[in-house]
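Below are the chains, spelled out letter by letter.
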Amino acid sequence: MSETTNTHNTDQPTVIHVSGGSENELNGGYDVVIGRGLLAQLPGMLGHQPHRVAIILPRALRATGDVVKSALDDAGYNAILVEIPDSEEGKHIEVASFCWQVLGQSDFTRSDAIVSVGGGAVSDLAGFVAATWLRGVRVIHMPTTLLGMVDAAVGGKTGINTAEGKNLVGAFHPPAGVLADLDTLLTLPKNELISGLAEVIKCGFIADGKILDLIEDNMDQVTNPHSPVLRELIERAIQVKADIVGKDLKESNLRQMLNYGHTLGHAIELAERYQYRHGAAVAVGMVFAAELARSVGRLDDETVERHKRILEGVGLPISYQGDRWATLLDGIRRDKKNRGEQLRFVILEAQGSPVIYDVPDESLLFAAYQEIAD
């Protein structure tokens, strides 16, 4: 199980502990620290063992990387910057190979460490590099986007994209720690904040209903990076993920529920060649899953309409192009939850009650898609 400390004093960091679980090599688990001005905590998370630290970051965050490097240099580490392409362009085998080359040329050993600075794509790529270099080195994530904080940086799933789909190549490699510095959200474009809210809302529908209530009651505050409401939403979403991955690190059962909205969402991203924001794709995917659940008699009308009301209310899409179904179905067939020819979706039977649904007939998917098609 995980536990939260310091949740009542907004001037102090909140610490959410992710338990090791039976399959987590770290055994004791790791901490996700949420607060402001957290850079000073990085050396403590790294510990004294590493000598070399590779900071993997997108080119757009070079200035931030310089600050992190200076802090590590001052603390006695030998820090190097490893710049990769921005966003999903960085999640390719060629980029991972470049990172491996840098680590090899820098004589990185198993006792050295990697720090990721950036959004979810950077966490995924850096985590994958850490998982595969010398069969596993220490990694700490410093997410700079809302999506990265509540999703990619927590849980230990790493991955890269291929021409066949998103995150089909990867490994489970839990971080040694996560520093979610809320100050990085102050300069985040609003549309990136909105995109990240999709994963927060997902956590509300699959587990913590208080998230949905907070959003409905404070719709004007959820995209305000100074807002205590947004901070509480971030903490609650991270807590949901921490609770789930602490029980099921390798996605054997319970963790699959975190894929709510992702089956169609990933298919949209593939169809759009990863130029469509992840959160926007997941938002459409959640509405699709809700319509599917309603069509087979599993979900009530009000919960379906609540999906649309909340997602649209924060500025996320709830529909997609009607003429793309054949392309999307190809993407759906490549989903990691599928078993053989059996297509599987995470659907809701009620708020807080997600289940795996084995689709008996593809025509049910087509019918549900008509409800969200433009």
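This is a predicted model, so every value here is computed, not measured. (Residues numbered from 1 in each chain as written. Predicted model: local features only at pLDDT ≥ 70, side-chain atom pairs only at ≥ 80, totals over all residues. Heavy atoms only, no water.)

Asker: Could you give an account of the overall build of the protein, with specific residues and numbers?
Answerer: Assigned secondary structure in the protein consists of 13 helices and 12 strands. The C-alpha atoms of the protein give a radius of gyration of 20 Å, which matches the 21 Å a tight globule of 374 residues would have. Each principal axis of the C-alpha atoms in the protein carries an extent, and together these give about 60 × 45 × 40 Å. Across the 374 residues of the protein, 56% fall into the buried class. Considering only residue pairs separated by 6 or more positions, the protein has 71% of its internal contacts joining residues 24 or more positions apart. (Helix = DSSP H or I, 4+ residues; strand = E, 2+ residues; numbered from the N terminus. Rg over C-alpha atoms; globule rule 2.2 N^0.38 Å. Buried < 20%, exposed > 50% of the residue type's maximum accessible area, 1.4 Å probe, protein only. Contact = heavy atoms within 4.5 Å.)

Asker: An account of unusual backbone geometry is requested, with residue identities and associated values reported.
Answerer: We note that Arg135 has phi near 65°; this positive angle belongs to a residue other than glycine. Non-glycine residue Tyr274 carries a positive phi angle of around 60°. With respect to the helices and strands, Tyr274 occurs in the loop between helix 9 (262–271) and helix 10 (278–295). Judged by its relative accessible area of 14%, Tyr274 is buried.

Asker: Talk me through the packing of helix 6 (residues 190–206) against helix 11 (residues 301–314); I want residue IDs and the actual numbers.
Answerer: Relative to each other, helix 6 and helix 11 sit at 155°, their axes nearing to 10 Å. With respect to their mutual orientation, helix 6 and helix 11 come out roughly antiparallel. Seen from above, helix 6 lies across helix 11 with right-handed handedness. Contacts between helix 6 and helix 11 involve Ile194, Leu197, Ile201 and Phe205 on the former and, on the latter, Thr303, Arg306, His307, Ile310, Leu311 and Val314. (Axes fitted to C-alpha atoms, helices over the stretch in contact; angles between N-to-C directions. Parallel < 35°, antiparallel > 145°, perpendicular 65-115°, else oblique. Left-handed = near helix turned anticlockwise from the far one by under 90°.)

Asker: Talk me through the packing of aromatic side chains; I want residue IDs and the actual numbers.
Answerer: Two numbers describe a pair of aromatic rings. These are the distance of the centres and the angle of the planes. All told, the structure shown has 7 aromatic pairs when counted by the stated rule. Aromatic rings pair up to connect Phe288, Trp325, Phe345, Phe366 and Tyr369 into one cluster. (Phe/Tyr/Trp six-rings, centres within 6.5 Å; stacked < 30°, edge-to-face > 60°.)

Asker: Could you give me a rundown of helix 9, with the residues and numbers involved?
Answerer: Most of helix 9 is tucked away: 10 of the 10 residues are buried. Burial in helix 9 covers these residues: His262, Thr263, Leu264, Gly265, His266, Ala267, Ile268, Glu269, Leu270 and Ala271. Elements in contact with the buried residues of helix 9: strand 9 (165–172), helix 6, helix 10, helix 12 (325–332) and strand 11 (344–350). Downstream of helix 9 by one or two residues, Arg273 has phi in the positive range, about 55°.

Asker: So what about empty space enclosed by the protein? Which residues, and what values?
Answerer: Applying the stated criterion to the full structure yields 2 cavities of 30 Å³ or more. One number sums up the size of the largest cavity: a volume of about 110 Å³. Every residue lining the largest cavity is counted, 13 residues in all, and those nearest its centre are Lys166, His266, Gly331, Arg334 and Asp335. Elements that contribute at least two residues to the lining of the largest cavity include exactly strand 9, helix 9 and helix 12. Looking at the lining of the largest cavity element by element, the count peaks at 4 residues for helix 9. Considering only residue class, the lining of the largest cavity consists of 4 nonpolar, 4 polar and 5 charged. The space that makes up the second largest cavity amounts to roughly 40 Å³. Taken together, Asn259, Tyr260, Gly261, His262, Thr263, Leu264, Gly285, Phe288, Ala289, Phe345 and Val346 make up the lining of the second largest cavity. Each residue belonging to the lining of the second largest cavity can be placed in one class, and the counts come to 6 nonpolar, 5 polar and no charged. (1 Å grid on protein atoms, 1.4 Å probe; cavity = no way out; pocket = protein on both sides within 12 Å on 5 of 7 lines; lining within 4 Å. Points joined across faces, edges and corners; volume = space filled by probe spheres on them. Nonpolar A, V, L, I, M, F, W, Y, C, P; charged D, E, K, R; others polar.)

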